[in-house]
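Overview (structure and organization)
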Amino acid sequence: MSITLHDIAKMLDHSTLQPFLTKEDIQKGCEIALEYDVATVCARPGDMPLVVKALSGSDVLPCTVIGFPHGAHHADVKVFEAERALDDGCKELDMVLNIGAMLAGDESYVQDEIARLAQAAHARDALLKVILETCYLSKEQIRAACILSEKAGADFVKTSTGYGSAGAKVEDVKLMRESVSSAVRVKASGGIRTLDMVLACRKAGASRCGVSATVKIMEEAKERLAKGILTEDPIAPVDGAAGGAY
């Protein structure tokens, strides 16, 4: 089936999360996002004022991360971080669940924390994505985390921070899509650097991908469009897994 450049662009959250990025780098990231008209710029919390200003008047939304990258912040701190980001104008929050609590089987804590973040986001007309960090979870724990996230009111479940031992895996995206209802969307992230991996994640059920390789991915799409071969299907096989980092 055919797919448009716009369809691909609106799958992408352009990520500017590396610790070494300067204000000039963040500004450049916003310019790239605006050029390709992607879904969001996902930047560090302290960058939100810059990002919100740079994206003003466009339909590219400001997004940030909460409890990033380990997820072990006190729940009250995560709520404060979320509310501060919302005060700054953020429209989407990508929170890291408490991975240790999930591994320990403390599902009540995990669900309650997500619910508090969802309530804060929804009170300000923002979306909440829950980062599971799938590389540390079993298949059963991934499924359970998805179910808890939906019960808690999350809008998305997301594979990875990009700073774990591995990034997005197509099989995990598929499992996550099967584990939530149509009311919850799936985001793949971590090591996604090619158009074919984006398309593979899309076929598996992802509606968003967190990437820093936006230029490469969109230019690949443009080249295929010019050749008349841009479709929803990857043209080269992917191994089903992406490495870590963005």
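A brief structural summary.

We now examine the state of the cysteines. One pass over the full model with this rule turns up zero disulfides. This cysteine, Cys 30, is not joined by any disulfide, and Cys 42 carries the nearest cysteine sulfur, 11 Å off. In this structure Cys 30 comes out as buried when scored by relative accessible area, which is 0%.

A word on the packing of helix 8 (residues 170–179) against helix 9 (residues 195–204). Here helix 8 crosses helix 9 at 30°, and the two axes come no closer than 8 Å. Here helix 8 lies roughly parallel to helix 9, going by the angle between them. Crossing of helix 8 against helix 9: the hand is right-handed. Contacts from Val 170, Val 173, Lys 174 and Arg 177 of helix 8 reach helix 9 at Met 197, Ala 200, Cys 201 and Ala 204. The class makeup of the residues in the contact of helix 8 with helix 9 is six nonpolar, no polar and two charged.

What follows is about helix 2 (residues 23–36). With 14 residues, helix 2 ought to run about 20 Å at 1.5 Å a step, and its terminal C-alpha atoms sit 20 Å apart, in line with that. Buried within helix 2 are the following residues: Ile 26, Gly 29, Cys 30, Ile 32, Ala 33 and Tyr 36. Taken around the axis of helix 2, the buried residues stretch over an arc of 160°, which confines them to a single face. In helix 2, the exposed positions angled more than 90 degrees off the buried face are occupied by Lys 23, Glu 24 and Glu 35. Residues of helix 2 that are buried sit in contact with helix 1 (5–9), strand 1 (12–16), strand 2 (40–43), helix 3 (48–55) and helix 10 (214–227).

Sheet architecture is closed into a barrel: eight strands sit in the order 1-2-3-4-5-6-7-8, paired in parallel fashion. Here the average twist between neighbouring strands, direction ignored, is 25°. Bridge count for strand 5 (residues 127–131) against strand 6 (residues 156–158) is three bridges, and the pairing is parallel. The partner of Lys 129 across the bridge, within strand 6, is Phe 156.

Turning next to helix 4 (residues 75–87). For helix 4, built from 13 residues, the straight-helix expectation of 18 Å at 1.5 Å per residue is met to within 8% by its first-to-last C-alpha distance of 18 Å. Looking at helix 4, one finds that the buried residues are Ala 75, Lys 78, Val 79, Glu 81, Ala 82, Ala 85 and Leu 86. Burial along helix 4 is one-sided: seen end-on, the buried residues are contained in an arc of 160°. Structural note: helix 4 exposes Phe 80 and Asp 87 on the side pointing more than 90 degrees away from its buried face.

On inspection of all chains with the given rule, the structure shows one aromatic pair. Positioned over the ring face of Phe 156 is Lys 129, at 5.5 Å from the centre of the ring.

Once that is clear, we can look at the pattern of salt bridges. Enumeration over the complete set of coordinates arrives at 22 salt bridges. The partner of Glu 113 in a salt bridge is Lys 78, and the shortest N-O contact between them spans 2.8 Å. Here Lys 78 lies in helix 4 and Glu 113 lies in helix 6 (residues 107–122), a separation of 35 residues in the sequence. When the shortest N-O distance is used, the salt bridge between Arg 202 and Glu 232 registers 3.3 Å. Placement of the pair is Arg 202 in helix 9 and Glu 232 in the segment after helix 10, with a sequence separation of 30 residues. Here Glu 232 falls in the buried class, since its relative accessible area comes to 18%. Among the ionic contacts, a cluster of salt bridges with common partners joins Asp 13, Glu 92, Asp 94, Lys 129, Lys 158, Lys 187 and Arg 208.

Calculation rules
- Residues numbered from 1 in each chain as written.
- Predicted model: local features only at pLDDT ≥ 70, side-chain atom pairs only at ≥ 80, totals over all residues.
- Heavy atoms only, no water.
- Disulfide = S-S within 2.5 Å.
- Buried < 20%, exposed > 50% of the residue type's maximum accessible area, 1.4 Å probe, protein only.
- Axes fitted to C-alpha atoms, helices over the stretch in contact; angles between N-to-C directions.
- Helix = DSSP H or I, 4+ residues; strand = E, 2+ residues; numbered from the N terminus.
- Parallel < 35°, antiparallel > 145°, perpendicular 65-115°, else oblique.
- Left-handed = near helix turned anticlockwise from the far one by under 90°.
- Contact = heavy atoms within 4.5 Å.
- Nonpolar A, V, L, I, M, F, W, Y, C, P; charged D, E, K, R; others polar.
- Expected span 1.5 Å × (residues − 1).
- Arc of directions from axis to C-beta.
- Pairing = 2+ DSSP bridges.
- Phe/Tyr/Trp six-rings, centres within 6.5 Å; stacked < 30°, edge-to-face > 60°.
- Lys NZ or Arg CZ within 6 Å of the ring centre and 35° of its normal.
- Salt bridge = Lys/Arg side-chain N within 4 Å of Asp/Glu carboxyl O.

What is shown is where atoms sit, not what they do.
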